[in-house]
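Examination of the molecular architecture
Read off the chains here:
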Amino acid sequence: MAFLAAATGKRLIQFGSQNIDTNWYDAHATFYGDMSGRETMQGACGYGDLFKQGYGLETTALSTALFNNGLTCGACFEIKCVNDPQWCYPKAGSIKVTATNFCPPNYSKPEGNWCNPPLKHFDLSMPMFTKLAQYKAGIIPVKYRRVLCSKKGGVRFQIRGNPYWTLVLLFNVGGAGDVKDVKIKGSKTGWIQMSRNWGVNWQTGVRLTGQSLSFMVTTSDGEMMEFDNVVPANWQFDQTFYAKNNF
């Protein structure tokens, strides 16, 4: 189970064999899209319909400095508006969002490029931004920290590809949220190391059709969980399967 640990003034969450830094840091936030959130769907992490996948509009795109080439996809952040009394709602508190997209850098203009490295920036859905500040603000100073993801139900596995190439989308991942390693096992194979295709999508070229499938998933904090026979032998491509357990 997760517990809090303090060392040398740092506040850390130790969940697995490694720590997640939960200190507050400075950044800025903007929003993209409108109140419907349509523009926040899909995205660079490889998710699909965020409503159907359980994330809704409680999401954010990350600047290059935070996105880490997609390794941070699925991680959760707590964000609060600070030091801007003109725009910050005084009793807004904080919001919690999951990283589902990338805010790309723009080198074509000399200023206002908030997603360029080394800046730490959150491009929120409009409903999340307007929980913190008036939408007319456009951009606000914030403080943020990593938090453990609290998800309803178990980890979910969507299988796509073809008989010679299997692509698995992992979503609704709790705990640290961001996945660093996935292994897959068919009922006729041993454990097979998968490689990251992009974001939260993992792949293998081993033929696995007609076999029940198990997964071994490790999140960025070193916590590993095994999902035995979560996919029955009669599975088809483009189906999604629900595990009973989560991080």
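Described in the following lines is the structure provided in the data block. (Residues numbered from 1 in each chain as written. Predicted model: local features only at pLDDT ≥ 70, side-chain atom pairs only at ≥ 80, totals over all residues. Heavy atoms only, no water.)

**Some details on the sheet that holds strand 13 (residues 191-193)**
Definition in use: Strands are labelled as partners when DSSP assigns at least two bridges between them. A helix here means a DSSP run of H or I that spans at least four residues, while a strand means a run of E at least two residues long, and both kinds are numbered starting from the N terminus. Angular values range over 0 to 180 degrees, each being the angle between N-to-C directions of two axes fitted as lines to C-alpha atoms, with helices fitted over their stretch in contact.
Overall, antiparallel pairing links the four strands, which are arranged 13-12-16-17 in an open sheet. Each having just a single partner strand, strand 13 and strand 17 (224-231) make up the two edges of the open sheet. Across this sheet, the average inter-strand angle for adjacent strands is 25 degrees, counted without regard to direction. With five bridges joining them, strand 16 (residues 213-219) and strand 17 adopt antiparallel strand pairing. Bridge pairing in strand 17 places Met 216 opposite Glu 226.

**A look at the state of the cysteines**
Here is the rule: The disulfide criterion is simple: two cysteine sulfur atoms within 2.5 Å. Whether a residue is buried, partly exposed or exposed follows from its accessible area with a 1.4 Å probe, protein chains only, as a fraction of its type maximum: under 20%, in between, or over 50%, in that order.
Going through the model one piece at a time under the given rule, you end up with four disulfides. Disulfide pairing is shown between Cys 45 and Cys 73; the S-S distance is 2.0 Å. Given an S-S torsion of about -80 degrees, the disulfide between Cys 45 and Cys 73 has left-handed geometry. Of the two residues, Cys 45 sits in the loop between strand 4 (25-32) and strand 5 (59-62) while Cys 73 sits in the loop between helix 1 (64-67) and strand 6 (76-81), which places them 28 residues apart along the sequence. Neither Cys 45 nor Cys 73 differs from the other in exposure class; each is buried. One disulfide in the model links Cys 81 with Cys 88; its S-S distance is 1.9 Å. Here Cys 81 and Cys 88 share a disulfide; its torsion about the S-S bond, -70 degrees, makes the bridge left-handed. Judged by relative accessible area, which is 12%, Cys 88 ranks as buried. Look at the protein chain and number its bonded cysteines as they come in the sequence; the links are 1-2, 3-8, 4-5, 6-7.

**A short note on the side chain of Asp 221**
This is how the line gets drawn: For the purpose of charge, His is not counted, nor are the chain termini; Lys and Arg are scored as positive and Asp and Glu as negative. Should a side-chain nitrogen of Lys or Arg be within 4 Å of a carboxyl oxygen of Asp or Glu, the pair is scored as a salt bridge. Polar contact is defined as a pair of N or O atoms within 3.5 Å, subject to the rule that within protein one atom must be able to donate a hydrogen and the other to accept it, and that residues adjacent in sequence are counted only when both atoms are side-chain atoms.
Note that Asp 221 resides in the loop between strand 16 and strand 17. Although buried, Asp 221 forms no salt bridge, and the nearest oppositely charged side chain, Arg 146, lies 7.3 Å from it. Among the polar contacts made by the side chain of Asp 221, one reaches the side chain of Thr 219 at a distance of 2.7 Å. For Asp 221, the side chain forms a polar contact with the main-chain nitrogen of Glu 223, separated by 3.2 Å.

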